[in-house]
Amino acid sequence: MKKSLGAQTLVYPTPVFIIGSYDAAGKPNAMTASWCGICNSQPPSVAVSLRKATYSYDNLIARKAFTLNIPSEDQLKVADYFGLVSGKNTDKFAHSGWTTVRGEKADAPYLKECPLNLECRVLHVFDLGLHTQFVGEILDVKADESVMDRSGLLDIKKVKPIIFAPDTQGYYSLGSFLGRAFSTRELPKVEKG
Ligand SMILES: Cc1cc2nc3c(=O)[nH]c(=O)nc-3n(C[C@H](O)[C@H](O)[C@H](O)COP(=O)(O)O)c2cc1C
């Protein structure tokens, strides 16, 4: 039996990303965002949805660029803090001790402390209602060597991304390895009757 839960923003999992941006005067800011994901392969792009009320929204409009930073489990407290206070009236970096690095490819700062950083330039802006979706072309990905294996490939178990459950507002960690993608060409026969 299925029970209808009504219209709500409920999917599992949603990510915990931190959007880095400069304001018009060049002051860096960081905000946590979960309404985000990869949205195109060519050009490689991500979509992030920001409310107009955020300071970051104005920054993305002004600079047409942002970074998408992936925090690790042990950075949960800072990520949560970046999602509660606003750059409008708080210097989030002074309070967290976190540092920014000027992007090489995009006009936006990335967060040095996060193991993975994507530099993006805004390609499209869609006013969706409460949120405005920014589609950013990924110009470069930067990764800490500490989250790579010996052959230089990223290791998701070292990155330890955080998962957000929007309904209960809980944070979760990654589960265990389940299998390889694109490996199931045939399913075992199902007994009928
Ligand atoms: C886990 C989490 C996810 C969030 N996701 C979003 C989001 O996708 N879009 C959004 O507009 N705000 C989101 N927020 C709220 C913003 O991060 C928050 O309003 C923040 O203060 C905005 O910062 P700013 O004003 O400095 O830009 C989220 C907050 C948390 C804690």
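1. Quick notes on the overall build of the chain
For step 1, the next point in the chain: Along its length, the chain carries four helices and twelve strands.
For step 2, the next point in the chain: Dimensions of the chain, computed from C-alpha atoms along their principal axes, come out at roughly 70 × 45 × 35 Å.
For step 3, the next point in the chain: Taken across its 193 residues, the chain has 28% of its residues classed as buried.
For step 4, the next point in the chain: Within the chain, contacts between residues separated by at least 24 positions form 60% of all contacts whose residues are at least 6 apart in sequence.

2. With respect to the sheet that holds strand β5 (residues 45-51)
For step 1, the next point in the chain: Spatial strand order, β3-β2-β6-β9-β10-β5-β4: seven strands in an open sheet with antiparallel pairing. The two strands at the open ends of the sheet, each matched to only one other strand, are β3 (28-33) and β4 (36-40). Averaged over all neighbouring strand pairs, the angle between strand axes comes to 35°, with direction disregarded.
For step 2, the next point in the chain: Summarising the sheet, strand β2 (residues 17-22) and strand β6 (residues 65-70) pair through three bridges and their orientation is antiparallel. If you follow Ile19 over to β6, its bridge partner there is Leu68.
For step 3, the next point in the chain: Seen against the sheet, helix α1 (residues 55-63) touches β2, β3, β5, β6, β9 (116-127) and β10 (131-143) and runs at an angle of roughly 55° to β2.

3. Quick word on the site of the ligand
For step 1, the next point in the chain: Near the ligand you find 21 residues, and of these Trp35, Ser56, Gly83, Ser86 and Gly87 are the closest.
For step 2, the next point in the chain: When residues of the shell around the ligand are traced back to their parent elements, those giving at least two are β3, β5 and α1.
For step 3, the next point in the chain: Broken down by element, the shell around the ligand gets its largest block of residues, four residues, from β3.
For step 4, the next point in the chain: Each residue belonging to the shell around the ligand can be placed in one class, and the counts come to nine nonpolar, nine polar and three charged.

4. Re the sheet that holds strand β11 (residues 163-165)
For step 1, the next point in the chain: Taken in spatial order, the three strands line up as β1-β11-β12 in an open sheet, and their pairing is antiparallel. At either end of the open sheet lies a strand with only one pairing partner, and these are β1 (14-15) and β12 (170-172).
For step 2, the next point in the chain: Sheet analysis places β1 next to β11, joined by two bridges and oriented antiparallel. The partner of Thr14 across the bridge, within β11, is Phe164.

Parameters and conventions
- Just so you know, the residues in each chain are numbered from 1, in the order the chain's sequence is written.
- pLDDT decides what is reported in this predicted model: residues at 70 or higher carry local features, side-chain atom pairs at 80 or more are listed and counted, and totals for whole chains, interfaces and linings draw on all residues regardless.
- Secondary structure elements follow DSSP: runs of H or I of four or more residues count as helices, runs of E of two or more count as strands, with numbering from the N terminus.
- A residue is called partly exposed when the number of other C-beta atoms within 10 Å of its own lies between 12 and 20, exposed at 12 or fewer, and buried at 20 or more, with C-beta atoms placed from the backbone.
- Once C-beta atoms have been placed from the backbone, residue pairs whose C-beta atoms lie within 7 Å are recorded as contacts.
- At least two DSSP bridges between two strands are needed for those strands to be called paired.
- Axis definition: a line fitted to C-alpha atoms, over the contacting stretch in the case of helices. Angles run 0 to 180 degrees between N-to-C directions.
- The rule is simple: place the C-beta atom from the backbone, and if it lies within 6 Å of a molecule or strand, the residue is near it.
- Under the scheme applied here, ten amino acids are nonpolar (Ala, Val, Leu, Ile, Met, Phe, Trp, Tyr, Cys and Pro), four are charged (Asp, Glu, Lys and Arg), and all others, including Gly, are polar.

Take it as geometry only, folks, not as evidence of what the structure does.
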